[in-house]
Amino acid sequence: MSERIILVDLNSGKYTRTQKGYELYNLEQNQDGKYYGFVPNADNVDIKKLDPKAKDFVDGVLVVYVQAVSAKNRNRKIIAYCKNAKIFAKPQSGEAKNRFFTDYDGTKKCATYCIESDNLKDLRMYTTFEIDLKQYSTQMFRRQRSYLEKYPELKSNILAFIAEIEQNEATQ
């Protein structure tokens with residue numbers, strides 16, 4: 001399992017309270033069979049945290065998607081993951097990937113992406129791993145992402161959780 005890991009927090013930013021947000025396609029397979037994930041680009045993805053030698057992208061990253069447990073419970077639960085994803089330093093155009101949508105106000109938009117993957121394991125229908133934010137910084141998902149460099153125990157627990165899912169599926 002990859003040591004390069006990024007947690008992407010979906011639908012938690014202020015933007016998504018009034019607009020759809022480009023992450024609406026993160027968990028859906030594209031027409032070309034791949035998965036393209038959006039990460040809010042206020043400061044772009046810091047791929048140097050994943051690979052200090054990286055320039056434009058990093059391959060072999062485990063992307064773990066999380067979201068708030070509920071409106072009242074702001075802890076995060078793991079809802080999906082992609083293994084061996086490519087993470088781009090800057091947003092990529094979604095036009096050639098047909099990532100067009102109509103926002104709530106009727107404007108036509110095209111979702112960019114920073115994550116490209118051949119696979120996605122959707123965990124929304126399963127009991128899943130919950131991240132208790134009281135044990136960590138409430139700012140750990142600032143800009144809707146975390147690289148887990150400050151939380152090696154959490155990283156280890158997430159990797160073990162995913163390994164257990166994969167082992168269970170291999171034995172079924």
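Notes on the structure follow. Everything numeric here is computed off the predicted structure, so don't read it as measured data. Here, residues in each chain are numbered from 1, in the same order as that chain's written sequence. Owing to the predicted nature of the model, reporting of local features is limited to residues with pLDDT of at least 70; listing and counting of side-chain atom pairs is limited to 80 or more, with chain, interface and lining totals taken over all residues. Remark: hydrogens and water are excluded; side-chain values derive from all non-hydrogen atoms of the structure.

## Focus: the packing of aromatic side chains
Thinking step 1. Classification of ring pairs rests on two measures: the distance between centres of Phe, Tyr or Trp rings, Trp counted by its six-membered ring, which must be within 6.5 Å, and the angle between planes, read as stacked under 30 degrees, edge-to-face over 60 and tilted in between. Counted under the stated rule, the structure contains eight aromatic pairs.
Thinking step 2. Taking 6.1 Å as the distance between ring centres and 80 degrees as the angle between the ring planes, the aromatic pair formed by Phe 88 and Tyr 113 counts as edge-to-face. Of the two residues, Phe 88 is situated in strand E4 (residues 76-92) and Tyr 113 in strand E7 (residues 113-117); the sequence distance between them amounts to 25 residues. Each member of the pair, Phe 88 as well as Tyr 113, is classed as buried. Note on conventions: DSSP H or I runs of at least 4 residues are helices, E runs of at least 2 residues are strands, and numbering of each starts at the N terminus. With a 1.4 Å probe rolled over the protein chains alone, any residue whose accessible area is under 20% of its type maximum counts as buried; one over 50% counts as exposed, and the rest are partly exposed.

## Some words on the pairing of strand E3 (residues 57-68)
Thinking step 1. The rule for pairing is simple: two strands pair if DSSP sees at least two bridges between them. Bridge count for strand E1 (residues 5-9) against E3 is five bridges, and the pairing is parallel. Residue pairing in the sheet places Leu 7 in a bridge with Val 64 of E3.
Thinking step 2. As paired strands, E3 and E4 are joined by nine bridges and run antiparallel to one another. Residue pairing in the sheet places Val 61 in a bridge with Ala 85 of E4.

## Focus on helix H2 (residues 152-171)
Thinking step 1. Expected span of a helix, by definition, is 1.5 Å for each gap between consecutive residues, and there is one gap fewer than residues. The first and last C-alpha atoms of H2 sit 28 Å apart over 20 residues, in line with the 28 Å expected at 1.5 Å per residue.
Thinking step 2. All buried positions along H2 are accounted for by Leu 154, Lys 155, Ile 158, Leu 159, Phe 161, Ile 162 and Ile 165. With its buried residues spanning 155 degrees around the axis, H2 presents them on a single face. Turned more than 90 degrees from where H2 packs its buried face, Pro 152, Glu 153, Gln 167, Ala 170 and Thr 171 sit exposed.
Thinking step 3. Whether two residues are in contact is decided by their heavy atoms: any pair within 4.5 Å suffices. Where H2 is buried, its residues contact E1, E3, E4, strand E8 (121-122) and strand E9 (130-131). Along the arc lie the directions from the helix axis toward the C-beta atoms.

## Focus: unusual backbone geometry
Thinking step 1. In this model, Asn 84 sits at a positive phi of 55 degrees, which is unusual for a non-glycine residue.
Thinking step 2. Within the secondary structure, Asn 84 sits in strand E4.
Thinking step 3. Classification of Asn 84 as exposed rests on a relative accessible area of 56%.
Thinking step 4. Despite not being glycine, Leu 148 has its phi angle at roughly 65 degrees, a positive value.

## Examining the pairing of E7
Thinking step 1. Most of E7 is tucked away, with five of its five residues classed as buried.
Thinking step 2. Of the pairings in the sheet, the one linking strand E2 (residues 35-37) to E7 comprises three bridges and is antiparallel in character. Each bridged residue has a counterpart across the sheet, and for Gly 37 the counterpart in E7 is Ile 115.
Thinking step 3. Pairing geometry for E4 and E7, over three bridges, is antiparallel. Directly across from Lys 86, in E7, lies its bridge partner Glu 116.

## Some details on the nonpolar core
Thinking step 1. Remark: nonpolar core denotes a set of buried residues (Ala, Val, Leu, Ile, Met, Phe, Trp, Tyr, Cys) joined through side-chain atoms within 4.5 Å. Counting 24 residues, the largest nonpolar core has Ile 6, Val 8, Val 45, Val 63, Tyr 65, Ile 87 and Ile 115 as its most contacted members.
Thinking step 2. Broken down by secondary-structure element, the contributors of at least two residues to this core are E1, E3, E4 and E7.
Thinking step 3. In terms of residues, this core owes the most to one element, E4, which gives six residues.
Thinking step 4. Here Val 63 is in contact with Ile 6, Val 8, Ala 80, Tyr 81, Cys 82, Ala 85, Ile 87 and Ile 115, once residues within four sequence places are set aside.
Thinking step 5. Counting 22 residues, the second-largest nonpolar core is a separate cluster that includes Leu 123, Leu 133, Ile 158 and Leu 159.

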